[in-house]
Amino acid sequence: MELRDFWGKSSKSWLFLILLFVASFGFYSNVFNWIPRWRQREVSQSCEAHHLQGQRESPPLSEGDCCPDTCRVPRVPRMLYPKAHVLQPTRVDVLLMTPWFAPIIWDGTYDSAILNAQFKNTTIGVVVFAIKKYVVFLKLFLETAEKYFMVGHRVIYYILTDRPADVPQIPLQEGRRVVILQVRNYTRWQDVVLHRMEMISNFSQQRFLHEVDYLVSADIDMKFSDHVGVEILSSLFGTLHPGFYASDRRRFTYERRPLSQAYIPEDEGDFYYAAALYGGSVAEVYRLATACHQATLIDKANGIEAVWHEESHLNKYLLYHKPTKVLSPEYVWDERMLRKPPYLRRLRYVAVPKNHAQIRSR
Amino acid sequence: MRRHRLAIGLGVCLLVGTVLCTLWVYVEDWLPVSYVPYYLPCPEILSRYPQPKLLEQRPTELLTLTPWLAPIVSEGTFNAELLQHIYQPLNLTIGLTVFAVGKYTHFVQHFLESAERFFMHGYRVCYYVFTDDPTAIPQVPLGPGRRLGIIPIQRHSRWEEISTRRMEIISQHIAKRAHQEVDYLFCVDVDMVFRNPWGPETLGDLVAAIHPGYYAVPRQQFPYERRHVSTAFVADGEGDFYYGGAVFGGRVANVYEFTRGCHMAILADKANGIMAAWQEESHLNRRFISHKPSKVLSPEYLWDDRKRQPPSLKLIRFSTLDKDTSWLRS
């Protein structure tokens, strides 16, 4: 009764209050736009949306928040460099471009000066996993990365580890920083590897999208031994596995059991990509990681584990979502296991010797 | 008492408003990010194609990549079927602009007929014909999903004037209409014909074509504008390729930026009482040095039939029609 009286006597003022509420709601939504953090989030989301709905082709290879691949054509200043010759290919001993126009990055095919100008305001994120004993590789990885990786550009090293205290303090160049992200470990090393995609997927959404333009996923038990720069950056890139670049597709170690999500039949396949180095724009890496993680879950439900774990799923994804750049085996090599052929002019990112049994144990 | 209630009510509303807005902002973060797939997965049916050979020995061939890693498109560098499977599901519409002013309307018939045969077969296409005499544009039968738009423009007395106004007209047309109708846009000359398939291998963010007359000469011999006063000035040590003004294109937004940039440069020159050596082609070349194309078409895509076809160019797709220029420009 009281309530009805309450309403009846002051219905006009309640109406007024409701109108006021609606007005303040409108006011608030504008206020939130003024707060820089929210606006930045919106802008980066709308840029990604533009990229995702508008961008169809590689873009290849550009709005201040957008990376060159997704939005405007980047402007380069006046530069002096030797002219390319239309009738003289830069390399005749190797394939330089895939049939879907993705450049294959070999030494001598690119001009770093032009590319650095095009990628001037780009931030690159590197994701590495240092789980359990693998923390010992961090020091050499970071030291060599400081010397050779994306020198002159803004870099964020994302170290995903279960032992944050064991991460060494490495002096970093200007514009580069380390972000340590705590993750859980798994008993089996196969599980550690399989869950990397899940972690990349989660962190892409939470963090990477707002902090970097491009994301590079790299193995930790490796070191940089020569220049690795912005020539690798594009919407989605993979690296040719050093053990299979010259093999026929039937000898690729794809997952060959039809039950697995990573199954690839013998008459399919372009290249065998290495899981040691892949990446792209944050949106594309997110998509790749999510797809691979979901495929892993389905496999688990069916009681099967892909023969090369994450790498098998990566290869399946890149077969049906063609990368926009492919890195030659210069970018992932193992000096002890492979003899260096003459057309491999540089070794940029090489394996560090390790005792498998020891390092993968508790 | 009423005022007291009013104040409480107002306070409650503001509080509820704040809570709802904050909740909304955070809920947005929780929602799973849903992206429109940018790369639709290739259907399995297409995967039966030969494996790319990494260690191939190639004899005399064209350069396949520019120093900034843009592909140079020529026959043999791409798998047409694979590209078709990638691009077809995207439901793209490609625009094609031509200018047919004065006596150049005579070329439209042949141009459109050849385009119907070879240009972007199987895709939605919008032809935009800019002309001063819409009645002179013939009715050419068009395939399904392809249409023709005739846009009247003003006639100028000097042919150079017509040529330099193209950038302005294209950029205005994009702003007014084309940005809503097409995804990609190509701007070509009308006194040419398509002779072989021109497909999705040409699609890119910003596409330029190498001029057939200068692909084998050093940059000092390129007919750049060499007078310092012009905005199209290119110094001796600069320049990648000499691009032809007869073909350029790309994603609609990029073509808009490009044509607008060229138009502004042309206006600046006009204010200084200078006209570049090759009109808009000079400005196009100047702009392509600072805004490098993401894809370059080999001279297969812009050829001059009077030249002898070299062995490195396997398939001429778009070339000139022999014409008497003096009669046309009178």
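Scoring rules and cut-offs
- Residues numbered from 1 in each chain as written.
- Chains lettered and ligands numbered in written order.
- Predicted model: local features only at pLDDT ≥ 70, side-chain atom pairs only at ≥ 80, totals over all residues.
- Heavy atoms only, no water.
- UniProt positions renumbered as here; feature names shortened; annotations may be inferred.
- Helix = DSSP H or I, 4+ residues; strand = E, 2+ residues; numbered from the N terminus.
- Buried < 20%, exposed > 50% of the residue type's maximum accessible area, 1.4 Å probe, protein only.
- Contact = heavy atoms within 4.5 Å.
- Areas by Shrake-Rupley, 256 points an atom, 1.4 Å probe, with all protein chains shown as cover.
- Polar contact = N/O pair within 3.5 Å; in protein donor to acceptor, adjacent residues only side chain to side chain.
- Patch = residues over 30% accessible without salt bridge, like charges linked within 9 Å, V, L, I, M, F, W, Y side chains within 5 Å.
- Salt bridge = Lys/Arg side-chain N within 4 Å of Asp/Glu carboxyl O.
- Pairing = 2+ DSSP bridges.
- Axes fitted to C-alpha atoms, helices over the stretch in contact; angles between N-to-C directions.
- Phe/Tyr/Trp six-rings, centres within 6.5 Å; stacked < 30°, edge-to-face > 60°.
- Arc of directions from axis to C-beta.
- Core = buried A, V, L, I, M, F, W, Y, C linked by side-chain atoms within 4.5 Å.

- The name recorded for chain B in an unreviewed UniProt entry is Globoside alpha-1,3-N-acetylgalactosaminyltransferase 1 (FORS blood group), from Equus asinus.
- For chain B, the Sequence similarities (unreviewed entry) comment in UniProt is given as "Belongs to the glycosyltransferase 6 family."
- On record in UniProt, under Subcellular location (unreviewed entry), the comment for chain B is "Membrane".

1. A look at the overall build of chain B
Then, in step 1: Along chain B, the regular secondary structure elements total seven helices and 10 strands.
Then, in step 2: Here chain B, with 330 residues, has 57% of them falling under the buried criterion.
Then, in step 3: Sequence-distant contacts, at least 24 apart, represent 77% of the contacts inside chain B between residues at least 6 apart.
Then, in step 4: Carbon together with sulfur atoms contributes 57% to the accessible area of chain B, which is approximately 14,600 Å² in total.

2. So, the environment of B:Thr202
Residue and element names in this part refer to chain B.
Then, in step 1: Position of Thr 202 among the secondary structure elements: in the loop between β6 (192–194) and β7 (206–210).
Then, in step 2: A residue is classified by how much of its surface remains accessible, and Thr 202, at 0% relative accessible area, is buried.
Then, in step 3: Polar contacts involving the side chain of Thr 202 include one to the side chain of Trp 198, which spans 3.1 Å.
Then, in step 4: Within the structure, the side chain of Thr 202 is placed 2.8 Å from the backbone oxygen of Gly 199, a separation counted as a polar contact.

3. Describing a nonpolar patch on the surface
Then, in step 1: A contiguous nonpolar surface patch, about 400 Å² in accessible area, is contributed by A:Phe25, B:Ile8, B:Val12, B:Val16 and B:Leu20.
Then, in step 2: The greatest single-element share of the nonpolar patch, amounting to four residues, is contributed by helix α1 (residues 2–30) of chain B.
Then, in step 3: Its location among the elements puts B:Val16 in helix α1.

4. A word on the sheet that holds strand β9 (residues 295–297) of chain B
Residue and element names in this part refer to chain B.
Then, in step 1: Pairing within the open sheet is mixed, and its eight strands lie in the order β1-β9-β7-β8-β5-β2-β3-β4. Of all strands in the sheet, those bounded by a partner on one side alone are β1 (72–73) and β4 (146–152).
Then, in step 2: Taken strand by strand, helix α4 (residues 159–181) contacts β2 (93–100), β3 (124–131), β4, β5 (184–188) and β8 (243–251), and its axis lies near 145° from that of β3.

5. A few points about the packing of aromatic side chains
Then, in step 1: With the rule as written, the count across this model stands at 40 aromatic pairs over all chains.
Then, in step 2: Judged by centre distance (5.4 Å) and plane angle (55°), the ring pair of A:Phe141 and A:Phe224 falls under tilted. Of this pair, A:Phe141 sits in helix α5 (residues 138–148) while A:Phe224 is found in strand β6 (residues 222–224), placing the two residues 83 residues apart along the sequence.
Then, in step 3: Look at A:Phe224 and you get buried, because its relative accessible area is 3%.
Then, in step 4: Judged by centre distance (4.7 Å) and plane angle (15°), the ring pair of B:Phe99 and B:Phe130 falls under stacked. One end of the pair, B:Phe99, is in strand β2; the other, B:Phe130, is in strand β3, and 31 residues separate them in sequence. For the pair B:Phe99 and B:Phe130, one class covers both residues: buried.

6. Some thoughts on helix α2 (residues 80–87) of chain B
Residue and element names in this part refer to chain B.
Then, in step 1: Of the residues making up α2, those classed as buried are Leu 82, Leu 83, Ile 86 and Tyr 87. For α2, the buried positions fall inside an angular range of 120° around the axis, keeping them on one side.
Then, in step 2: Structurally, the start of α2 carries an N-cap: the backbone nitrogen of Glu 81 is 3.1 Å from a side-chain oxygen of Asn 79.

7. Considering the pairing of strand β5 (residues 214–218) of chain A
Residues and elements named next belong to chain A.
Then, in step 1: By the criterion of burial, β5 is predominantly enclosed, with five of the five residues buried.
Then, in step 2: Burial along β5 is two-sided: the face carrying Tyr 214, Val 216 and Ala 218 and the face carrying Leu 215 and Ser 217 are both buried.
Then, in step 3: For strand β2 (residues 123–130) and β5, the ladder comprises four bridges, and the chain directions are parallel. The partner of Ile 124 across the bridge, within β5, is Tyr 214.

8. Section: the nonpolar core
Then, in step 1: If you look at the biggest cluster of nonpolar residues, it comprises 184 residues, and the most contacted ones within it are A:Phe149, B:Phe119 and B:Trp198.
Then, in step 2: Not counting the four nearest positions on each side in its chain, B:Phe119 is found in contact with B:Ile94, B:Leu96, B:Ser114, B:Val125, B:Arg146, B:Phe186, B:Phe194 and B:Trp198.
Then, in step 3: In terms of nonpolar packing, the next biggest core, distinct from the first, is built from seven residues, A:Phe244, A:Tyr254, A:Leu319 and A:Tyr320 among them.

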